[in-house]
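The chain contents come next:
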Amino acid sequence: MTAGTTPRRTGLSAAALYAVLIGGALVVAFPFLWMVLTSFKSVQESNAYPPSLLPEVWRGQNYTDAWFTPPSTLGRYLLNSAVIAIAGTGIQVVIATLAAYAFARLRFPGRNALFLLVLATTMVPDEVRLIPNFMTIRGFPLAGGNDLTGSGGSGFYDTYAGIILPGLAGAFTIFLLRQAFRQVPGDLWEAAQLDGASSLRFLLGVMIPLALPALLTVTIFGLVARWNALLWPLLITRSESLRPVQVAMTFYQTEFVTDHGQMMAASVMVTLPIVVLYVLVQRQFIEGVAGTGIKG
Amino acid sequence: MASATASPNASPPLRGRVDRWRRAARRTSGWGGLLYVVPALAILLLFEIWPLLFGIWISLWRWDIGPIRFIGLENYTRLFGEGFVTSDFRGDRVAGDVANSLAVTFYYVLGTVPVTLFLAFGIAYLLFQGIAGQGALRTIYFLPYVTSSVAVALVFAWMFNSQVGVVNAILERMGLPTSTWLRDPRPAAEQLLGGLGVSQSALDAWPDLAAGPSVALVVVIIFSIWTALGYSVVVYLAGMTAIPRDLRDAARVDGAGPWQAMRSVVWPLLAPTTIFLVIFNTITAFQAFTPIYTLTRNVGMGRAEAGGPLDSTLTITVFIFRNFYEKANSVGFAAALSLFLFLLMLGLTLAQFRLLGRSTDES
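Residues numbered from 1 in each chain as written. Chains lettered and ligands numbered in written order. Predicted model: local features only at pLDDT ≥ 70, side-chain atom pairs only at ≥ 80, totals over all residues. Heavy atoms only, no water.

Participant: Looking at this structure, I do not really get the overall build of chain A. What am I missing?
Facilitator: Looking only at helices and strands, chain A has 15 helices and zero strands in total. By the compact-globule yardstick of 19 Å for 296 residues, chain A is too spread out, its C-alpha radius of gyration being 24 Å. Summarising its shape, the C-alpha atoms of chain A cover approximately 75 × 70 × 30 Å along the three principal directions. For chain A, with 296 residues in total, the buried portion stands at 52%. Pairs at least 24 apart in sequence give 66% of the contacts found in chain A among residues at least 6 apart. One finds the centroid of the 18 positive side-chain charges in chain A at a distance of 10 Å from the centroid of its 14 negative side-chain charges. (Helix = DSSP H or I, 4+ residues; strand = E, 2+ residues; numbered from the N terminus. Rg over C-alpha atoms; globule rule 2.2 N^0.38 Å. Buried < 20%, exposed > 50% of the residue type's maximum accessible area, 1.4 Å probe, protein only. Contact = heavy atoms within 4.5 Å. Lys, Arg positive; Asp, Glu negative; His and termini not counted. Charge placed at Lys NZ, Arg CZ, Asp CG, Glu CD.)

Structure below.
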């Protein structure tokens, strides 16, 4: 995507082009700007009408207030989200790597039929799974005080496991990794077989290092999707101390805070980790989206 | 003489290699490979395939925290009966809650997807003109997609605040009328036309169910376009970059300007990209929950339920959530609704495939 491969401007005036693009970028960026500016305003200032663009005094008080207002602090929610995002994505990538490798390289009975089954699950929208999965998680046998038939207790309801479990085998992730594994040249595989390498050793020693970009892409997608998720964690948790950040933010909206400066300060702290991740691995991220056209 | 095929009279070293190769091949086929896919299949079966059957089962019950009473298809007769046509307090026939939800969902999808694609194509094409700073601009346009969440939706709710919101302040500065935005359940088109001087009696003649999105829903749509835009920009831009150079050069040699090159080369060649984006964005919009839940809760008078004001932003997804989460005894009905939504989306996706696929075959 360098300048050399794209056509030179001819008819369009460069100035107009820049004006439109930069104007559009300002509109797109304005909500972020407004979030940061409001987060430094006092109550009087954030409720003044018409609002001023810049805070009169830049005060960081909102940040400490937003951090300490909820019973178990914003830090606890950030930690919850980090645990859910990292553990969930980590386990998911391992499970998907094993499956994708087998679907791409190994021969076993029913391989094609099973792969079609995996693909077919992408047709089922989240809403359909919501209610049954809630029942499955709450009635999970031998968990959370449940007996063998899944009654008596609350299963994995209101636990990290309950939040993480249903999303552990993303079909898209398996599909993307299978594509990447299939691009590894076949003669490497034959050479390894002649050397007597086991299939697991070949996966760890050759496939994973060669498919690292694809693995990084699905990891980033997984982290971002889990950090931003709302509906499932909202349904499956009850304890205040177990809430991930996005769920906690809905309570900032209704319970904790009436001061908008403080709410925006919380928003900044919740959005910042994902912005930092995005800036760090931007190229991988955007090329992942561009190359696959698929999220999650 | 040794034959060309590896046979019993092949020389010993070659024979050893063949045996080793066969042993290795055996190791990588057979049941061993199945072990690798067992964890993934177990999770998929339990949480993606079983829910379809389990969901059908739940929908046949009056179900609260668990099954209470088997009622057969009663949830479905309610869905297709009073869900579509019911009577109001005067006894007049009016549209039911499911019909309202369907209308809101279609307004939301139709308001979000075409505008997103139109803007995304335009922005991508401008970025594609080989300007300096393309990367930085792309980064900014993509940012809302990455951060789409409760936290940024709260900023929008704050910007569109009816009393002290910055949007009203800007409109007022420009001499334009302000609005109560997320608190306004009236149809946006009616507000706009009324503002342009169309008489109230002419507006009253229009049927209620076809009144278009409410002002509140328009704010939700604006937020959704803002978050969805970057994804389509990036996919379109990648598609444009992949167009072979000689095709673009040919257009330039023929004396085509950027506008003509876009109409005759770029847009037709990107038809598959457009089809993918239409389907992807439609599915995403049908499933949207976070924007509606965050923007419309707690802004009405007293009621904290999402989907307000006056259910004018109550899409099917939020309607399912309301029946499942906020009402007792409606879990079975919510399950029936979610299966209805599944079939609706499946049908729509297949229809889009056929319609759009055919139109590109012809061009």
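Let us keep going from here.
Participant: Please clarify how the overall build of chain B should be interpreted in this entry.
Facilitator: Summing up its helical and strand segments, chain B has 16 helices and four strands in all. Out of the 363 residues belonging to chain B, those deemed buried represent 52%. Contacts in chain B between residues at least 24 apart in sequence constitute 66% of all its contacts with a sequence separation of at least 6. Split by element, the accessible area of chain B, about 17,500 Å² in all, is 65% carbon and sulfur. (Areas by Shrake-Rupley, 256 points an atom, 1.4 Å probe, with all protein chains shown as cover.)

Participant: So what exactly am I meant to see when it comes to the interface of chain A and chain B here?
Facilitator: Accessible area lost upon the coming together of the parts is a frequently used measure of interface size. Chain A puts 103 residues into the contact, and the matching count from chain B is 103 residues. Summed over both sides, the interface of chain A with chain B buries roughly 9,600 Å², with 72% coming from carbon and sulfur. Two residues, R129(A) and E48(B), come together in a salt bridge whose shortest N-O distance is 3.2 Å. At the boundary of chain A and chain B, one finds 20 residue pairs in polar contact (both at pLDDT 80 or more). The greatest single-element share of the side of chain A that touches chain B, amounting to 16 residues, is contributed by helix α1 (residues 14–38) of chain A. (Buried area = accessible area lost by both parts, 1.4 Å probe. Salt bridge = Lys/Arg side-chain N within 4 Å of Asp/Glu carboxyl O. Polar contact = N/O pair within 3.5 Å; in protein donor to acceptor, adjacent residues only side chain to side chain.)

Participant: Looking at this structure, how should I read the pattern of salt bridges?
Facilitator: A side chain of one charge can pair with a side chain of the opposite charge when the charged atoms of the two come close. Counted under the stated rule, the structure contains seven salt bridges over all chains. For D97(B), the salt bridge goes to R78(B), with nearest N and O atoms at 3.4 Å. Taken together, the residues D97(B) in helix α4 (residues 97–127) and R78(B) in helix α3 (residues 74–80) connect sequence positions 19 residues apart. On the basis of relative accessibility, which here comes to 25%, the residue R78(B) falls in the partly exposed class. Taking the shortest distance from any N to any O, the salt bridge between R90(B) and D92(B) comes out at 3.4 Å. Three or more residues joined by partner-sharing salt bridges are found here, namely D126(A), R129(A) and E48(B).

Participant: Would you explain the packing of α4(B) against helix α10 (residues 215–241) of chain B in this entry?
Facilitator: Residue and element names in this part refer to chain B. Here α4 crosses α10 at 40°, and the two axes come no closer than 7 Å. Comparing the axis directions of α4 and α10 gives the class oblique. Of the two possible hands of crossing, α4 and α10 adopt the one that is right-handed. Tallied by class, residues from the contact of α4 with α10 come to 22 nonpolar, five polar and no charged. (Axes fitted to C-alpha atoms, helices over the stretch in contact; angles between N-to-C directions. Parallel < 35°, antiparallel > 145°, perpendicular 65-115°, else oblique. Left-handed = near helix turned anticlockwise from the far one by under 90°. Nonpolar A, V, L, I, M, F, W, Y, C, P; charged D, E, K, R; others polar.)

Participant: How should I be thinking about the packing of aromatic side chains in this particular structure?
Facilitator: The geometry of two aromatic rings is summed up by the distance between their centres and the angle between their planes. Residue and element names in this part refer to chain B. Counting across every chain of the model gives 41 aromatic pairs over all chains. Centroid distance F106 to F286: 6.2 Å. Interplanar angle 85°. Geometry classified as edge-to-face. Separated by 180 residues along the polypeptide, F106 in helix α4 and F286 in helix α13 (residues 271–286) bring together distant segments of the chain. Under the relative-accessibility criterion, F106 is labelled partly exposed at 32%. (Phe/Tyr/Trp six-rings, centres within 6.5 Å; stacked < 30°, edge-to-face > 60°.)

Participant: Please clarify how helix α2 (residues 32–58) of chain B should be interpreted in this entry.
Facilitator: An α-helical turn contains 3.6 residues, so a residue and the one three or four places further along point in the same direction. Look at α2(B): 37 Å from first C-alpha to last across 27 residues, which is about the 39 Å you get at 1.5 Å a residue. The largest bend in α2(B) comes to about 50°, at P51(B). (Expected span 1.5 Å × (residues − 1). Bend = angle between axes of the 7 residues up to and from the residue.)

Participant: It is not clear to me how the pairing of strand β2 (residues 67–70) of chain B should be interpreted in this structure. Could you clarify?
Facilitator: Residue and element names in this part refer to chain B. In this structure, strand β1 (residues 61–63) lies alongside β2, joined through three bridges in antiparallel fashion. Note on β2: the bridge partner recorded for R62 is R69. The turn linking β1 back onto β2 is made up of three residues. (Pairing = 2+ DSSP bridges.)

Participant: Explain unusual backbone geometry here, please?
Facilitator: Of note, the amide linkage connecting Y49(A) to P50(A) takes the cis form, showing an omega dihedral of -5°. By the secondary structure assignment, P50(A) is in the loop between α2 (43–46) and α3 (61–68). For L310(B), which is not glycine, the phi torsion reads 50° and is therefore positive. When you line up the elements, L310(B) lands in the loop between α14 (290–296) and α15 (316–326). The phi dihedral of D311(B) falls on the positive side, at around 60°, and the residue is not glycine. Along the polypeptide, D311(B) turns up in the loop between α14 and α15. Since its relative accessible area comes to 22%, D311(B) is described here as partly exposed.

Participant: What exactly am I supposed to notice about the packing of helix α14 (residues 260–280) of chain A against helix α5 (residues 134–147) of chain B here?
Facilitator: Two packed helices can be described by the angle between their axes and the distance between those axes. At a minimum axis distance of 10 Å, the contact between α14(A) and α5(B) shows a crossing angle of 135°. In terms of orientation, α14(A) and α5(B) fall into the oblique class. The handedness of the crossing between α14(A) and α5(B) is right-handed. Contact residues: α14(A) offers T271(A), I274(A), V275(A) and Y278(A), while α5(B) offers R138(B), T139(B), F142(B), L143(B), V146(B) and T147(B). In terms of residue class, the contact of α14(A) with α5(B) is made up of six nonpolar, three polar and one charged.

Participant: I would appreciate a short explanation of the side chain of S199(A) in the present structure.
Facilitator: For S199(A), the position within the fold is in helix α10 (residues 199–210). By relative accessible area, S199(A) is classed as buried at 13%. Of note is the side chain of S199(A), whose polar atom sits 3.0 Å from the side chain of Y36(B).

Participant: I would appreciate a short explanation of the confidence of the model for chain A in the present structure.
Facilitator: Should the pLDDT be low somewhere, the predicted coordinates at that spot are not to be read in detail. Taken residue by residue, chain A gives an average pLDDT of 87. The fraction at 70 or more is 94%. Scored below 50 in pLDDT, residues 1–7 of chain A shows 15 contacts in the model against residues more than four places distant or in partner chains. (pLDDT = per-residue confidence, 0-100.)

Participant: When you look at the environment of V152(B) in this model, what are you seeing that I'm missing?
Facilitator: Tracing the chain through its elements places V152(B) in helix α6 (residues 150–159). With a relative accessible area of 2%, V152(B) lands in the buried category. The sequence separation of V152(B) and F223(B) amounts to 71 residues, and the corresponding C-alpha distance is 9.4 Å. Once residues within four sequence positions are removed from consideration, V152(B) is found in contact with F32(A), T271(A), T147(B), F223(B) and W226(B).

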